[in-house]
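What follows is each chain in one-letter form.
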Amino acid sequence: SQQGEEDPQALSIQEGENATMNCSYKTSINNLQWYRQNSGRGLVHLILIRSNEREKHSGRLRVTLDTSKKSSSLLITASRAADTASYFCATDAGLYTGANSKLTFGKGITLSVRP
Amino acid sequence: DGGITQSPKYLFRKEGQNVTLSCEQNLNHDAMYWYRQDPGQGLRLIYYSQIVNDFQKGDIAEGYSVSREKKESFPLTVTSAQKNPTAFYLCASSKGSTLNQPQHFGDGTRLSIL
């Protein structure tokens, strides 16, 4: 069964607004990652957060992780038209499978930022 | 510049034909992966390799085959046994042989049926 599921499926906002995307997962993890995919291109890794971390920042991106709720959120502040893309969360399969724990990707969130 | 190169960008397959998708990386990564992406869907793992001359089936390996004769190359063959091959195929690699590290992706090959 799919490990990570993103919410909402689609999000449309005005340039300058903040965008919040959520990911929920089922089993304990070693780490959770967020990726971006522009239309017709490959995925680009944005940020990795480990199970013992609660928050990480990278530029305009802020990721939080709540292991008690098995959920993560990705916040993009002051969004730009260039942020228009699909965003995926990826989790490994389990805390106790260690190094051979493969990533499972969610179905993605389509973010549209209107100029 | 280091990266992953997939070719061709577009590929058409006739009935009963096998086709091979190329994936080359110059990142010196040990692990490589093939994913299939259907419209509005996430990525599904076809095959992966953690080391040269070794590879493992992913979640949807039926109708596909791979080889890993060189560290930098991981070609995927879509065989005639794959009855619904139309999809966007993505190749990725990651540092070291552990499988839960950040992955670098190529720009994909879009395969269609003639």
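Sequence order as written defines residue numbering, which begins from 1 separately in each chain. Starting at A for chains and at 1 for ligands, labels are handed out in the order in which the entities are written. Reporting in this predicted model follows two pLDDT cut-offs: at least 70 for local features of residues, and 80 or more for side-chain atom pairs to be given and counted; totals over whole chains, interfaces and linings ignore these cut-offs and use all residues. Working from all heavy atoms in the structure, the side-chain values ignore hydrogens and water.

Novice: Quick one: what's the story with the sheet that holds strand β1 (residues 4-7) of chain A, residue by residue and with numbers?
Specialist: All names here are of chain A. Pairing is antiparallel in the open sheet, where 5 strands are placed in the order β1-β3-β8-β7-β6. Each edge of the open sheet carries a strand with a single partner, namely β1 and β6 (55-58). Neighbour-to-neighbour, the strand axes of this sheet turn through a mean angle of 20 degrees, independent of strand direction. Two strands are said to pair when DSSP picks up at least two bridges between them. Put simply, DSSP marks the helices as runs of H or I at least four residues long and the strands as runs of E at least two long, and each gets a number from the N terminus on. As paired strands, strand β7 (residues 61-66) and strand β8 (residues 71-76) are joined by 6 bridges and run antiparallel to one another. Residue pairing in the sheet places Leu65 in a bridge with Ser72 of β8. Axes here refer to lines fitted to C-alpha atoms; in helices the fit is confined to the stretch in contact. Angles between the N-to-C directions go from 0 to 180 degrees.

Novice: Run through the pairing of strand β9 (residues 87-94) of chain B, naming residues and quoting values.
Specialist: Residue and element names in this part refer to chain B. Burial runs high along β9: 8 of the 8 residues are buried. The classification of residues rests on relative accessible area computed with a 1.4 Å probe and restricted to protein chains. Under 20% of the type maximum is buried, over 50% is exposed, and intermediate values are partly exposed. The two faces of β9 match: Ala87, Tyr89, Cys91 and Ser93 on one face and Phe88, Leu90, Ala92 and Ser94 on the other face are all buried. With 7 bridges joining them, strand β4 (residues 31-37) and β9 adopt antiparallel strand pairing. Across the sheet, the residue bridging to Gln37 is Phe88, located in β9. Bridging between β9 and strand β11 (residues 109-113) involves 3 bridges; their strand directions are antiparallel. Bridging from a neighbouring strand, Ala87 pairs with Leu111 of β11.

Novice: Residue-level account of the side chain of Thr109(B), with values.
Specialist: All names here are of chain B. You can see Thr109 is positioned in strand β11. Polar contact criterion, stated in full: a pair of N or O atoms within 3.5 Å, where within protein one must be able to donate a hydrogen and the other to accept it, and residues adjacent in sequence count only if both atoms are side-chain atoms. Only 2.6 Å separates the side chain of Thr109 from the backbone oxygen of Pro8, close enough to count as a polar contact. Should any heavy atoms of two residues lie within 4.5 Å, those residues are counted as being in contact. With near-sequence residues (within four places) excluded, Thr109 lies in contact with Gln6, Ser7, Pro8, Lys9, Leu11, Leu21, Ala87, Phe88 and Tyr89.

Novice: Give a detailed account of the pairing of strand β3 (residues 19-25) of chain A, specifying residues and quantitative values.
Specialist: Residues and elements named next belong to chain A. Here β3 shows a buried face lined by Ala19, Met21, Cys23 and Tyr25 and an unburied face lined by Thr20, Asn22 and Ser24. Judged from the 4 bridges that link them, β1 and β3 form a sheet pairing that is antiparallel. In the strand pairing of β3, Glu5 is matched with Ser24. Direction of pairing for β3 relative to β8: antiparallel, over a ladder of 6 bridges. Residue Asn22 lies in a different strand from β8, and its bridge partner there is Ser73.

Novice: Outline the interface of chain B and chain A, supporting the account with residue identities and numerical values.
Specialist: Contact with chain B, which involves 22 residues of that partner, is made by 22 residues of chain A. As used here, buried area is the combined drop in accessible area, with a 1.4 Å probe, of two parts when they are placed together. Counting each side, the surface lost to burial between chain B and chain A is near 1700 Å², with a carbon and sulfur contribution of 52%. Across the pair Asp107(B) and Arg41(A) runs a salt bridge, and its minimum N-O distance is 2.9 Å. Linking chain B to chain A there are 7 residue pairs in polar contact (both at pLDDT 80 or more). Among the elements that take part in the side of chain B that touches chain A, strand β5 (residues 43-51) of chain B stands out by supplying 4 residues, more than any other. For this scheme, ten residues count as nonpolar: Ala, Val, Leu, Ile, Met, Phe, Trp, Tyr, Cys and Pro. Four count as charged, namely Asp, Glu, Lys and Arg, and the remainder, Gly too, count as polar. When grouped by side-chain class, the residues that make up the side of chain B that touches chain A number 9 nonpolar, 10 polar and 3 charged. Should a side-chain nitrogen of Lys or Arg be within 4 Å of a carboxyl oxygen of Asp or Glu, the pair is scored as a salt bridge.

Novice: Just give me the short version of the state of the cysteines, but keep the residues and values in it.
Specialist: We call a pair of cysteine sulfur atoms a disulfide whenever their separation is within 2.5 Å. As enumerated under the stated definition, the model contains 2 disulfides over all chains in all. Each sulfur in the disulfide pair Cys23(A) and Cys89(A) lies 2.0 Å from the other. Here Cys23(A) and Cys89(A) share a disulfide; its torsion about the S-S bond, 60 degrees, makes the bridge right-handed. Of this pair, Cys23(A) sits in strand β3 while Cys89(A) sits in strand β9 (residues 85-92); the two residues are 66 residues apart in sequence, bridging distant segments of the chain. Disulfide pairing places Cys23(B) opposite Cys91(B) at an S-S distance of 1.9 Å. As the torsion about the S-S bond is roughly -75 degrees, the Cys23(B)-Cys91(B) disulfide counts as left-handed. Placement of Cys23(B) in strand β3 (residues 19-25) and of Cys91(B) in strand β9 is noted, with a sequence separation of 68 residues between them.

Novice: Let's hear about the packing of aromatic side chains: which residues, and what values?
Specialist: When the centres of two rings from Phe, Tyr and Trp lie within 6.5 Å, Trp using its six-membered ring, the rings pair. Their planes under 30 degrees apart give stacked, over 60 give edge-to-face, and anything left gives tilted. Per the counting criterion, the structure on display carries 8 aromatic pairs over all chains. Between Tyr33(B) and Tyr35(B) the ring centres are 6.2 Å apart and the planes differ by 25 degrees, which places this aromatic pair in the stacked class. Comparing Tyr33(B) with Tyr35(B), the two get one shared label, buried. Taking the centre distance of 5.9 Å and the plane angle of 80 degrees together, the rings of Tyr47(B) and Phe55(B) count as edge-to-face. Overall, the relative accessible area of 7% leaves Tyr47(B) in the buried class. The exposure class assigned to Phe55(B) is partly exposed, which follows from its relative accessible area of 35%. Put simply, the rings of Tyr35(A), Phe105(A), Tyr33(B), Tyr35(B) and Phe105(B) touch in pairs and so form one group of aromatic residues. Lying across the ring of Phe74(B), Arg68(B) places its NZ or CZ 6.0 Å from the centre. Between the NZ or CZ atom of Arg110(B) and the centre of the ring of Phe88(B), over which it lies, the distance is 4.5 Å. Two thresholds decide whether a charge sits over a ring: the Lys NZ or Arg CZ must be within 6 Å of the ring centre and within 35 degrees of the ring normal.

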